[in-house]
Amino acid sequence: MKRILFVCHGNICRSPMAEFVMKDLVKKAGLEDQFQIDSAATSSEEIGNDMHPGSKQKLTSKGIPFSKRKARKITASDYQNYDLLIGMDVENLFYMEREWNKDPDEKVKLLLTYAGKDRDIADPWYTGNFDRTFDDIIEGCTALLEKLKS
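A brief report on the enclosed structure follows. (Residues numbered from 1 in each chain as written. Predicted model: local features only at pLDDT ≥ 70, side-chain atom pairs only at ≥ 80, totals over all residues. Heavy atoms only, no water.)

## Overview of the packing of aromatic side chains
The full count for this structure, using the stated rule, is three aromatic pairs. The interplanar angle of 45° and the centroid separation of 5.8 Å between the aromatic rings of Y79 and W100 together place this pair among those described as tilted. Of this pair, Y79 sits in helix α3 (residues 78–81) while W100 is found in the loop between α4 (90–99) and β4 (108–110), placing the two residues 21 residues apart along the sequence. The two residues Y79 and W100 agree in class, both being buried. Between F94 and Y95, the aromatic rings sit 5.0 Å apart at their centres with planes inclined by 80°, giving edge-to-face as the arrangement. Its relative accessible area of 47% is what places F94 among the partly exposed residues. (Phe/Tyr/Trp six-rings, centres within 6.5 Å; stacked < 30°, edge-to-face > 60°. Helix = DSSP H or I, 4+ residues; strand = E, 2+ residues; numbered from the N terminus. Buried < 20%, exposed > 50% of the residue type's maximum accessible area, 1.4 Å probe, protein only.)

Printed below as a string of structure tokens:
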């Protein structure tokens, strides 16, 4: 079983979008029983809140199912409980590595790295551009799944 945790600042926009995109890709590939996928935040600002309406709207428009959820903050035990800890931007990586003592097992990665890109996924909380965020997330998650299948 491959256990993946997607992480962003508040766990209401990018990381839950990535969580549900990846779950959908895995389901369509017939690999649901081989993956555990979740998401979390590096901050405590949104703890307990559901996914941002813009993320819900974008997933709905693409026919990607999602469920009601509550934002949560990363914990020390997440490092042991997940095989991959995927951040949406370099600031997320900084706080993730701070939480987990510099990533000794090299589990912490930037999502777009899997698509051969060395850049952040812009935060739609600030940009308002959920389309671009979705496009980056689908590209990153598709590349990640291809890497994990090989």
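Picking up where we left off.
## Observations regarding helix α2 (residues 53–61)
Those residues of α2 not exposed but buried are G54, S55, K58 and L59. Looking down the long axis of α2, one finds its buried residues gathered within 130° of arc, a one-sided arrangement. Facing away from the buried surface of α2 by more than 90 degrees, the exposed residues are P53, Q57, T60 and S61. Against the buried residues of α2 lie α1 (14–28) and α6 (130–149). (Arc of directions from axis to C-beta. Contact = heavy atoms within 4.5 Å.)

## Here we look at the nonpolar core
Judged by nonpolar contacts, the single largest core of 33 residues is most densely connected at F6, V21, M22 and C141. Elements supplying a minimum of two residues to this core: β1 (2–8), α1, β2 (35–41), β3 (84–87) and α6. Those residues in contact with M22 that sit more than four places away from it in its chain are I4, F6, I37, C141, L144, L145 and L148. Counting 12 residues, the second largest nonpolar core, distinct from the first, contains I74, L85, L93 and W100. (Core = buried A, V, L, I, M, F, W, Y, C linked by side-chain atoms within 4.5 Å.)

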